[in-house]
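Descriptive structure summary
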Amino acid sequence: MKMNKTFLVAGALAATAAVGYAQMSGYTQQGLPNSKAAQTFVQVYQALNELYLTKPNDDKLLEGAINGMIASLDDPFTYYSQPEDNAVDSQNLAGEFYGIGVQLTAANADGTGGKVDTVFKVGAAAQAGVQAGDTFLKVGDKDVSTAKLNDIVKLIRGEKGTQVTITFGRGGSSAGAGSSGQASTYNVTMERQPVTIVSVEEAVLPGNVGYIALNTFYNEKVNDQFQAAVADMKKKGVTKLVLDMRDNGGGLLNSGIFVADQFLQSGKIVSVRNRSGQTDVIGQAKKEASDYTGQLVVLVNKNSASASEIVAGALQDSKRAQIVGEQSFGKGVGQQVVSTIDGGRVAVVNFTWITPGGHEIQKKGITPDVVVADTRRPTPLNFSGSGVTAGTKLTVTVAGKPVEITADKDGKFTYTGAVARPVTSATQGQAVVDLKTDAELQKALTLFK
């Protein structure tokens, strides 16, 4: 099987990822009404258009039909991506866009709103004095305090050299626009500048142990970034290396093959099997002068999926590395992506993949050689209760600090502590590692001879 198309092997963390194109064949619009089910579909569509109390929106009806078709497969990895979502996806895949140079996270407990997680040292935001923790209140005249994170991103990014005005909140505990929880607000107009997504981070740990974190395979620049990181490790005389793929949900199949090949000099990397049962080897390692040949330990957790599992499976089966951590996610199928006429895309599960040792990963995952729980971000304290009057305010002491919660209309109340987020460096490509809180990494370091 020749890799003449781009295939996606993204896990659950890349739900809107879409890469590659394919041509449809075998079915036409003229052939649709040949079955009773198809004729019934047309009948229902016409009945709704002609008889429904208020005139329905044709596009929404048909989008519902598309989503219904896909939902009938009961497959979370086959999905339709609407045209408006593709701009951000395409930029993320390309690994570069024009923006202000920040990394965002959700501002509100329900996942809405936007907050600055990291301000990159190079970029418009750094020049304008934006700080980590600032919340997005408005982009232009649009209130984004409760908007979806992806919608905020679409408003911030734009064409080269254009300007964007953002109202930020700083300080306080609330992210709502105009909320008294904001200690202060400020407006800043910034010119959109080039931003490169760096998906590979590196550091040198005590004892000259190299550390490379690969955060996603959903970036066309990953191959170059990863090869540069490996070269840097070799230049620094590193002969013991930790490859961290925790929380890496996958991305491009060819990038998974490329990364595995940096550590292998011969043998299979991955095979794929189509629906007819035909199996083909599509990844074969080649000996290159740039290969890293020193000792290697790989870290995975329950969120390591797809392309991450391809790499881990190849290195484990070849006995090239010890795998440390948690059972991986278990996403062992890949998608081929069709560009649709409306500008959207549909990712269709097209094959299952198999490790060099003949193991299928779908719904199974990779079992580490050394099982260690991921201790970097403990589950936050959470509790719920009931039995009080609606609107009652309760004060509970949590970790020595008073927390006020309010009962809802049914007298129920809930509390969820803040989830500890990974610390990132303002210098892209520079890894931040905390050995004291990272049991998996601690264990990895003991495995080197």
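**With respect to the packing of aromatic side chains**
- Enumeration according to the criterion identifies five aromatic pairs in this entry.
- Judged by centre distance (4.8 Å) and plane angle (55°), the rings of Phe136 and Phe168 are tilted. Of this pair, Phe136 sits in strand β6 (residues 135–139) while Phe168 sits in strand β8 (residues 163–170), placing them 32 residues apart in sequence. Pair check on accessibility: Phe136 and Phe168 agree, each one buried.
- An aromatic cluster is built from Phe136, Phe168 and Tyr186, whose rings are joined through pairwise contacts.
- Positioned above the aromatic ring of Phe97 is the side chain of Arg157, whose terminal nitrogen or guanidinium carbon lies 3.6 Å from the ring centre.
- For the cation-ring pair, Lys331 lies above Phe77, with the distance from its terminal atom to the ring centre recorded as 5.0 Å.

**As for unusual backbone geometry**
- Even without being glycine, Asp247 reaches a positive phi, approximately 65°.
- By the secondary structure assignment, Asp247 is in the loop between β13 (240–244) and β14 (250–252).
- Phi angles above zero are rare outside glycine, and Lys363 is one such case at about 65°.
- Among the structural elements, Lys363 can be located in the loop between β20 (345–354) and β21 (370–371).
- The exposure class assigned to Lys363 is exposed, which follows from its relative accessible area of 75%.

**Observations concerning the sheet that holds strand β12 (residues 209–214)**
- With mixed pairing, six strands are arranged side by side in an open sheet as β11-β12-β13-β17-β18-β21. Strands with a single pairing partner mark the edges of an open sheet, and in this sheet they are β11 (200–205) and β21.
- Lying over the sheet, helix α8 (residues 307–317) contacts β13, β17 (295–300) and β18 (322–325), oriented at roughly 140° with respect to β17.

**What about a nonpolar patch on the surface?**
- A cluster of nonpolar side chains, namely Val44, Leu48, Tyr52 and Leu53, defines an oily patch on the protein surface of about 440 Å² accessible area.
- Looking at where Leu53 falls in the secondary structure, it is placed in the loop between α1 (36–51) and α2 (58–71).
- For Leu53, a relative accessible area of 82% translates into the label exposed.

**Here's the deal with a negative patch on the surface**
- On the surface, a cluster of negative charge is made up of Asp58, Asp59, Glu84 and Asp342.
- As for its position among the elements, Asp58 is in helix α2.
- According to the relative accessible area criterion, Asp58 is partly exposed, its value standing at 32%.

**Section: the nonpolar core**
- Ile212, Leu214, Phe226, Leu243, Phe263, Ile269 and Val298 are the most contacted members of the largest nonpolar core, which has 41 residues in total.
- Of all the secondary structure elements, the ones that give two or more residues to this core are β12, α6 (222–235), β13, α7 (253–261), β15 (268–273), β17, α8 and β20.
- Tallying contributions element by element places α8 first for this core, with six residues.
- Non-local contacts of Ile212, meaning those with residues more than four positions away in its chain, are made with Val200, Glu201, Glu202, Phe226, Ala229, Val230, Met233, Leu241, Val242, Leu243 and Asp244.
- The next biggest cluster of nonpolar side chains, apart from the first, holds 22 residues, and it includes Val116, Val130, Ile166 and Tyr186.

**Thoughts on helix α5 (residues 149–156)**
- Buried within α5 we find Ile152, Val153 and Ile156. Buried residues in α5, looked at end-on, bunch into an arc of 100°, giving them a common side.
- Those residues of α5 hidden inside the fold are in contact with α3 (83–94), β4 (102–105), β6 and β8.

**Here's the deal with the side chain of Ser425**
- With respect to the helices and strands, the residue Ser425 is situated in the loop between β25 (413–416) and α9 (439–446).
- Of note is the side chain of Ser425, whose polar atom sits 2.9 Å from the side chain of Gln430.
- Excluding its chain neighbours within four sequence positions, the residues that come into contact with Ser425 are Thr118, Phe120, Gln430 and Val432.

**Quick word on the pattern of salt bridges**
- Evaluation of the coordinates by the stated rule reveals twelve salt bridges.
- Between Lys154 and Asp151 there is a salt bridge; the shortest N-O distance is 3.3 Å. Taken as a pair, Lys154 and Asp151 lie in helix α5 at a separation of three residues, close to a single helical turn.
- Overall, the relative accessible area of 27% leaves Lys154 in the partly exposed class.
- For Asp374, the salt bridge goes to Arg376, with nearest N and O atoms at 2.7 Å.
- Judged by relative accessible area, Asp374 falls into the buried class, the value being 18%.
- Residue classification places Arg376 among the partly exposed positions, given a relative accessible area of 22%.

**Quick notes on the packing of α3 against α5**
- Orientation of α3 relative to α5, taken along the N-to-C sense of each, is 70°, at an axis distance of 10 Å. In terms of their interaxial angle, α3 and α5 are classed as roughly perpendicular. For the element pair α3 and α5, the recorded crossing hand is left-handed. Counting all contacts with α3, which are made through Glu84, Asp85 and Val88, the residues of α5 involved are Asn150, Val153 and Lys154.
- Residues of the contact of α3 with α5, tallied by class, amount to two nonpolar, one polar and three charged.

Rules behind the numbers
Residues numbered from 1 in each chain as written. Predicted model: local features only at pLDDT ≥ 70, side-chain atom pairs only at ≥ 80, totals over all residues. Heavy atoms only, no water. Phe/Tyr/Trp six-rings, centres within 6.5 Å; stacked < 30°, edge-to-face > 60°. Helix = DSSP H or I, 4+ residues; strand = E, 2+ residues; numbered from the N terminus. Buried < 20%, exposed > 50% of the residue type's maximum accessible area, 1.4 Å probe, protein only. Lys NZ or Arg CZ within 6 Å of the ring centre and 35° of its normal. Pairing = 2+ DSSP bridges. Contact = heavy atoms within 4.5 Å. Axes fitted to C-alpha atoms, helices over the stretch in contact; angles between N-to-C directions. Patch = residues over 30% accessible without salt bridge, like charges linked within 9 Å, V, L, I, M, F, W, Y side chains within 5 Å. Areas by Shrake-Rupley, 256 points an atom, 1.4 Å probe, with all protein chains shown as cover. Salt bridge = Lys/Arg side-chain N within 4 Å of Asp/Glu carboxyl O. Lys, Arg positive; Asp, Glu negative; His and termini not counted. Charge placed at Lys NZ, Arg CZ, Asp CG, Glu CD. Core = buried A, V, L, I, M, F, W, Y, C linked by side-chain atoms within 4.5 Å. Arc of directions from axis to C-beta. Polar contact = N/O pair within 3.5 Å; in protein donor to acceptor, adjacent residues only side chain to side chain. Parallel < 35°, antiparallel > 145°, perpendicular 65-115°, else oblique. Left-handed = near helix turned anticlockwise from the far one by under 90°. Nonpolar A, V, L, I, M, F, W, Y, C, P; charged D, E, K, R; others polar.

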